[in-house]
Amino acid sequence: MTALERFLDGFIAEPGYLDYARIGPLSAGVVAETLGQTEVLSRARFGSLDHFQAQDERLRTAVARATGFRADQVVSEPNTTTGVMQAMFGLTGAVLLSSGDFPTVPFAVVRAAEALQVVTPLWLATDHGRVTPGQIREQLTPATAAVAVCLVDSRTGHRVDLEGIRQVIGDRLLIVDAIQGFGAVDVPYEVADVVASGGQKWSRAGWGTGFLALSDRAVERLVPVFSGFAGTDVPEPWDEVLPPSRSANAFRVSNGDAIAQARFAAALEEVAEVGIRAIEDAIAVNVSLLIDLADEFAVPVVSSRDDRERAGILVLEPPASQLTLLSIALHNHGVTATTRSGTVRLSTHAALSPDTVDMLRGAFTSYATAVTY
C-alpha cells in the first residue's frame with residue numbers, strides 16, 4: 001500500500017460529504033489519537049502528565065515541517081482568529097487588505113484600530129474579490145506597513161499568489177490567514193512573515209487546533225500586546241511579572257490544550273508522510289471530476305477552472321430563481337454542501353468515493369429535471 005493509499009484510507013466520513021471548506025471530518029488517525037490521549041488523561045497514572053507537556057513541541061515541530069518556519073518561530077493557538085488577532089494588535093501602521101476576505105482579518109484590523117489607534121486599515125479594491133499582486137502593487141502607499149491576505153478565498157476558492165505578493169510589497173510584513181488552504185495546497189509559506197491557521201478544515205484535526213508562525217522580522221516589529229505568563233522565557237514566573245520573550249513565544253497567553261495539540265500534530269504527521277503535493281494533486285483530480293459533472297448538467301461554475309488558481313473549492317451559481325431548487329436537490333440526495341450569498345459551494349478533499357459522486361449526480365439530475373419542468 002502506498003503512502004497516498006494509507007492517507008485515503010483515513011477518510012471515514014459518510015458518503016455525500018462535500019463540505020471540507022466548512023469543517024473536515026476527523027481522520028481515522030486523529031480519532032485514534034484523541035481516544036488514546038483522552039484515555040491517558042482519564043486515568044492520570046503516575047508520571048503520565050509529563051507526556052502532555054511534550055505535545056506543544058510535537059505540534060510546533062509538525063507545523064515547522066509543513067510551513068518551512070523553524071519550530072521556535074511557531075506558537076500553538078486555539079484557532080486561526082486568535083493568531084490573526086495577536087498579529088494585528090501588535091502592528092503599528094497601515095494594513096492593506098480586502099474587505100471581502102473572510103471576517104477574521106477585517107475584524108482583527110478594525111478592532112485593533114479602534115482599541116489602540118495605531119493601526120489603520122487600507123481597503124484594497126479587488127476584481128470581484130480576487131486579490132492579485134498587481135492590485136496590491138497599485139494600491140500600496142508609503143504608509144503601508146503590512147499586507148494581509150487570505151490564502152484561499154472561502155467564497156470563490158481563489159488561491160492568492162504568495163510569491164508574487166512578496167515580490168511587490170518589498171520588506172513590508174506579509175500576513176496570511178491560511179485556514180482555507182492549509183493541508184490542501186502546496187505553497188511557499190516561508191515567504192510570509194505571519195501565517196495563522198487552524199486545523200479543523202483541510203487538516204481534519206477538529207476544533208480547538210491552530211498555530212501562529214512568525215518570521216524573525218515579524219517578532220522584531222510586532223508588539224506582543226496579549227502576552228500572558230506563558231509568553232515569557234521562564235516556565236512559571238512566580239512573584240514578579242517578567243517582560244515578554246523576544247521570540248515568537250511572546251505571543252502566547254496561556255498553556256495550550258495538550259490533547260488538541262496532539263490531534264493537530266497527528267493530522268500533520270499524516271500529511272507529511274504522504275506529502276502535500278500528492279494531496280494537492282489528488283484534490284485537483286477530484287475537483288475536475290466535479291466540474292465535469294456540473295458541466296454535464298449545465299450547472300454554472302463560477303470558480304476558477306485552473307488548478308493553479310484554486311484549492312479544493314468548487315462554486316456553483318445557478319440563476320437566482322433556481323438556487324432553492326439546487327439546494328433542495330442536494331439535500332434530498334444527502335449531499336452536504338454550503339449555500340451562501342446566491343451560490344452553492346462544494347469542497348472535496350483527496351478522497352472522493354464513487355458513492356458521493358453518484359449522490360451528486362442524482363442531485364444534479366433532480367435539479368435539471370425540475371428546471372426543465
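Small disclaimer: the values here were computed from a predicted structure and weren't measured.

Novice: Please set out the pattern of salt bridges residue by residue, giving values where relevant.
Specialist: Pairs can form between side chains of opposite charge whenever their charged atoms are close. Across all of its chains, the model carries 20 salt bridges by this definition. A salt bridge links R345 to D19; the nearest nitrogen and oxygen atoms lie 3.9 Å apart. With R345 in strand β10 (residues 343-347) and D19 in the loop between α1 (3-9) and α2 (28-43), this residue pair connects regions lying 326 residues apart in the sequence. Three or more residues are tied together by salt bridges with common partners; here these are D19, R22 and R345.

Novice: With reference to specific residues and values, describe the environment of Q167.
Specialist: The topology assignment puts Q167 in helix α8 (residues 162-169). Each C-alpha atom of the pair Q167 and N255 lies 37 Å from the other, and the pair is 88 residues apart in sequence.

Novice: Can you tell me about the sheet that holds strand β8 (residues 313-316), naming the residues and giving the values?
Specialist: Hydrogen bonds between backbone atoms are what pair the strands of a sheet, whose relative direction is either parallel or antiparallel. If you walk across this open sheet you meet the three strands as β8-β10-β9, and the pairing is antiparallel. Both outer strands of the open sheet, β8 and β9 (338-340), are each paired with one neighbouring strand and no more. Ignoring which end each strand starts from, the neighbouring axes of this sheet average 25° apart. Looking at chain direction, β8 and β10 are connected through four bridges and run antiparallel. What sits directly across from L314, in β10, is L346.

Novice: Let's hear about the packing of aromatic side chains: which residues, and what values?
Specialist: Within this structure, the stated rule accounts for ten aromatic pairs. Taken together, a centroid distance of 6.1 Å and an interplanar angle of 25° make the contact between Y20 and W202 stacked. One end of the pair, Y20, is in the loop between α1 and α2; the other, W202, is in the loop between β6 (194-198) and β7 (210-214), and 182 residues separate them in sequence. Ring centres of F211 and F264 lie 6.3 Å apart, and the angle between their planes is 35°; on these two criteria the pair is classed as tilted. Taken together, the residues F211 in strand β7 and F264 in helix α10 (residues 258-274) connect sequence positions 53 residues apart. As far as the burial class goes, F211 and F264 line up, both buried. A connected cluster of aromatic rings, assembled from ring pairs, spans F7, F11, Y17, Y20 and W202. Directly above the ring of F11 sits R204, whose terminal nitrogen or CZ lies 3.6 Å from the centroid.

Novice: Before we move on, can you summarise the sheet that holds strand β5 (residues 173-177) with the specific residues and values?
Specialist: Spatial strand order, β1-β7-β6-β5-β4-β2-β3: seven strands in an open sheet with mixed pairing. Each edge of the open sheet carries a strand with a single partner, namely β1 (74-76) and β3 (119-123). On average, each strand axis in the sheet is inclined to that of its neighbour by 20°, with strand direction left out of account. Pairing of strand β2 (residues 93-97) with strand β4 (residues 144-150) involves three bridges; the strand directions are parallel. Pairing of A94 across the sheet is with T144, part of β4. In the packing of helix α5 (residues 80-89) onto the sheet, contacts are made with β3, β4, β5, β6 and β7, and the angle to β6 comes to roughly 155°. Running at roughly 155° to β5, α8 makes contact with β4 and β5 of the sheet.

What counts, and where the lines are drawn
- Residues numbered from 1 in each chain as written.
- Predicted model: local features only at pLDDT ≥ 70, side-chain atom pairs only at ≥ 80, totals over all residues.
- Heavy atoms only, no water.
- Salt bridge = Lys/Arg side-chain N within 4 Å of Asp/Glu carboxyl O.
- Helix = DSSP H or I, 4+ residues; strand = E, 2+ residues; numbered from the N terminus.
- Pairing = 2+ DSSP bridges.
- Axes fitted to C-alpha atoms, helices over the stretch in contact; angles between N-to-C directions.
- Phe/Tyr/Trp six-rings, centres within 6.5 Å; stacked < 30°, edge-to-face > 60°.
- Buried < 20%, exposed > 50% of the residue type's maximum accessible area, 1.4 Å probe, protein only.
- Lys NZ or Arg CZ within 6 Å of the ring centre and 35° of its normal.
- Contact = heavy atoms within 4.5 Å.

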